[in-house]
Amino acid sequence: MTLSWPMRAPGQRLSLRGYLAKEILVKGPLHLTVIADGSALPKTVTLDQPDAEFNVDFPLPDALVGKERVRFVFELDKAVVPPGEDRELGLLFGTLAIH
């Protein structure tokens, strides 16, 4: 995902809010890593609460200040393929914000 939202000051954070369905946890807790412009952010989050909202945030590197666009990649250590489908499912995001 690419966000066209320039960071204007150091010390900002990426906040993620969403929902974790119990079916996704069939293989155990999920570990979420965020990569910003090719660099992994210094925090991996464990998500393990079924049928619940999650709200996590990640510190953003100061090197992103002033960039007009930042490419984010969200990686999970596992996903679930529903019966009869060929797509992998993971998290359902509701809000992504930089503050």
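Calculation notes
- Residues numbered from 1 in each chain as written.
- Predicted model: local features only at pLDDT ≥ 70, side-chain atom pairs only at ≥ 80, totals over all residues.
- Heavy atoms only, no water.
- Pairing = 2+ DSSP bridges.
- Helix = DSSP H or I, 4+ residues; strand = E, 2+ residues; numbered from the N terminus.
- Core = buried A, V, L, I, M, F, W, Y, C linked by side-chain atoms within 4.5 Å.
- Buried < 20%, exposed > 50% of the residue type's maximum accessible area, 1.4 Å probe, protein only.
- Contact = heavy atoms within 4.5 Å.
- pLDDT = per-residue confidence, 0-100.
- Polar contact = N/O pair within 3.5 Å; in protein donor to acceptor, adjacent residues only side chain to side chain.

**Student:** Lay out the pairing of strand β6 (residues 70–76) with the relevant residues and their values.
**Tutor:** Here strand β1 (residues 2–3) pairs with β6 via two bridges, running antiparallel. By the bridge assignment, Thr2 is partnered in β6 with Arg71. Note: strand β3 (residues 30–36) against β6, five bridges, orientation antiparallel. In the sheet register, Ala36 faces β6, and the bridge partner there is Phe72.

**Student:** I'd like a rundown of the nonpolar core, residues and numbers included.
**Tutor:** Ranked by internal contacts, the top residues of the largest apolar core, which has 23 residues, are Leu16, Leu20, Val34, Leu47, Phe58, Leu60 and Phe72. Elements supplying a minimum of two residues to this core: β2 (13–20), β3, β4 (39–47), β5 (52–59) and β6. In contact with Leu16, other than residues within four places in its own chain, are Leu32, Val34, Phe54, Asn55, Val56, Phe58, Phe74, Phe93, Thr95 and Leu96.

**Student:** Tell me about the sheet that holds β4, and please be specific about residues and values.
**Tutor:** One open sheet holds the four strands; their spatial order is β1-β6-β3-β4, and the pairing between them is antiparallel. Pairing within the sheet leaves two strands with one partner each, and these edge strands are β1 and β4. Taken together, the six bridges between β3 and β4 define a ladder with antiparallel strand orientation. In the strand pairing of β4, Ile35 is matched with Ala40.

**Student:** Before we move on, could you go through the confidence of the model for the protein and cite the residues and values that matter?
**Tutor:** Model confidence for the protein is summarised by a mean pLDDT of 91, while 100% of its residues fall at 70 or above. Element-level mean pLDDT values for the protein span from 80 in β1 up to 96 in β3.

**Student:** Could you give an account of the side chain of Gln12, with specific residues and numbers?
**Tutor:** Considering the arrangement of structural elements, one finds Gln12 in the loop between β1 and β2. Gln12 sits in the buried class, given a relative accessible area of 17%. Here the side chain of Gln12 touches Arg8 through a polar contact of 3.5 Å, landing on its backbone nitrogen. Contacts of Gln12, omitting those with residues within four sequence positions, involve Met7, Phe58, Pro59, Leu60, Ile98 and His99.

**Student:** Go over the side chain of Lys78, please, and point to the residues and values.
**Tutor:** Positionally, Lys78 belongs in the loop between β6 and β7 (92–98). At 3.3 Å, the side chain of Lys78 forms a polar contact with the side chain of Asp77. Once residues within four sequence positions are removed from consideration, Lys78 is found in contact with Lys27, Gly28, Pro29, Leu30 and His31.

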